[in-house]
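Below are the chains, spelled out letter by letter.
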Amino acid sequence: MFLFGLGFSVYSSSDVPASERDEMKRKSVKERESVTLDPCVIKSPNDVMTWYFNDTHIVEITGEPSKICTDVHSDGRFRDRLKLDHQTGSLTITNTRITDSGVYELDISSSSFNVKRSFSVSVT
């Protein structure tokens, strides 16, 4: 079960509106500032949350905070610049660079559903 939006409407996996699943959120930030990508969900203990940057795996949450795996497949591009909230799945990129511009996607999966969140980030 997820809590969505500012009003926190509750949806089961089969009730999640397409607009909530597939909406591309746009973020703009100045170079060297931080940006937070907030999927507006509450993570359940067994959910797996995987973040991608331009189709490259960068972060995965698979349960306990001690099992968060970051920046293993992205050639160190985000080394020491990613902060992850293991409860909400929010990803914060600190000290942004122009090369951080692109599409960030979060895949959330459990035994009963899959949800995707997409963010377009522009660093100027």
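Our subject is the structure listed above.
What you see is a predicted model, and the numbers here were worked out from it, not measured in a lab.

### Some thoughts on the pairing of strand E11 (residues 114–123)
With 6 bridges connecting them, strand E3 (residues 24–29) and E11 associate as parallel partners. Across the sheet, Arg-26 pairs through a bridge with Ser-120, a residue of E11. Note: strand E10 (residues 102–109) against E11, 8 bridges, orientation antiparallel. Across the sheet, residue Tyr-104 finds its bridge partner in E11, namely Phe-119. In textbook terms, the turn of a hairpin is the stretch between consecutive antiparallel strands, and for E10 and E11 this stretch comprises 4 residues.

### With respect to the pairing of strand E6 (residues 56–61)
By the bridge criterion, 5 bridges tie strand E5 (residues 48–53) to E6 in an arrangement that is antiparallel. Pairing of Thr-50 across the sheet is with Glu-60, part of E6. Between the antiparallel neighbours E5 and E6 lie 2 residues, among them Asn-54 with a positive phi of about 45 degrees.

### Describing the sheet that holds strand E4 (residues 35–37)
Sheet strands line up and pair through hydrogen bonds in the backbone, either parallel or antiparallel. Strand order across the open sheet formed by 3 strands is E4-E9-E8, with antiparallel pairing between neighbours. The open sheet has two edge strands with one neighbour each: E4 and strand E8 (82–84). Here the strands of the sheet are splayed against their neighbours by 20 degrees on average, with no regard to which way each runs.

### A few points about the side chain of Thr-50
Residue placement: Thr-50 occurs in strand E5. In terms of polar contacts, Thr-50 uses its side chain to reach the side chain of Glu-60, at 3.2 Å.

### A few points about the pattern of salt bridges
Overall, the coordinates contain 2 salt bridges when judged by the stated rule. Across the pair Asp-100 and Arg-81 runs a salt bridge whose closest N-O atoms are separated by 2.8 Å. In this pair, Asp-100 is assigned in the loop between strand E9 (91–93) and E10 and Arg-81 in the loop between strand E7 (69–70) and E8, connecting sequence segments 19 residues apart. When its relative accessible area of 1% is taken as the criterion, Asp-100 is described as buried. A residue is classified by how much of its surface remains accessible, and Arg-81, at 4% relative accessible area, is buried.

### Describing the nonpolar core
Counting 22 residues, the largest nonpolar core has Leu-37, Trp-51, Ile-58, Leu-91 and Tyr-104 as the members making the most contacts within it. Elements that contribute at least two residues to this core include exactly E4, E5, E6, E9, E10 and E11. A per-element tally of this core places E11 first, with 4 residues.

### What about the packing of aromatic side chains?
One pass over the structure, following the stated rule, counts 4 aromatic pairs. Feature note: the residues Phe-53, Phe-78 and Tyr-104 constitute an aromatic cluster, connected by ring pairs.

### So, unusual backbone geometry
A positive phi angle, close to 45 degrees, is found at Asn-54, a residue other than glycine. In this structure, Asn-54 sits in the loop between E5 and E6. Despite not being glycine, Asp-80 has its phi angle at roughly 60 degrees, a positive value. Take Asp-80: it is sitting in the loop between E7 and E8.

Procedures and definitions
Residues numbered from 1 in each chain as written. Predicted model: local features only at pLDDT ≥ 70, side-chain atom pairs only at ≥ 80, totals over all residues. Heavy atoms only, no water. Pairing = 2+ DSSP bridges. Helix = DSSP H or I, 4+ residues; strand = E, 2+ residues; numbered from the N terminus. Axes fitted to C-alpha atoms, helices over the stretch in contact; angles between N-to-C directions. Polar contact = N/O pair within 3.5 Å; in protein donor to acceptor, adjacent residues only side chain to side chain. Salt bridge = Lys/Arg side-chain N within 4 Å of Asp/Glu carboxyl O. Buried < 20%, exposed > 50% of the residue type's maximum accessible area, 1.4 Å probe, protein only. Core = buried A, V, L, I, M, F, W, Y, C linked by side-chain atoms within 4.5 Å. Phe/Tyr/Trp six-rings, centres within 6.5 Å; stacked < 30°, edge-to-face > 60°.

In short, shape yes, function no, at least from these values alone.
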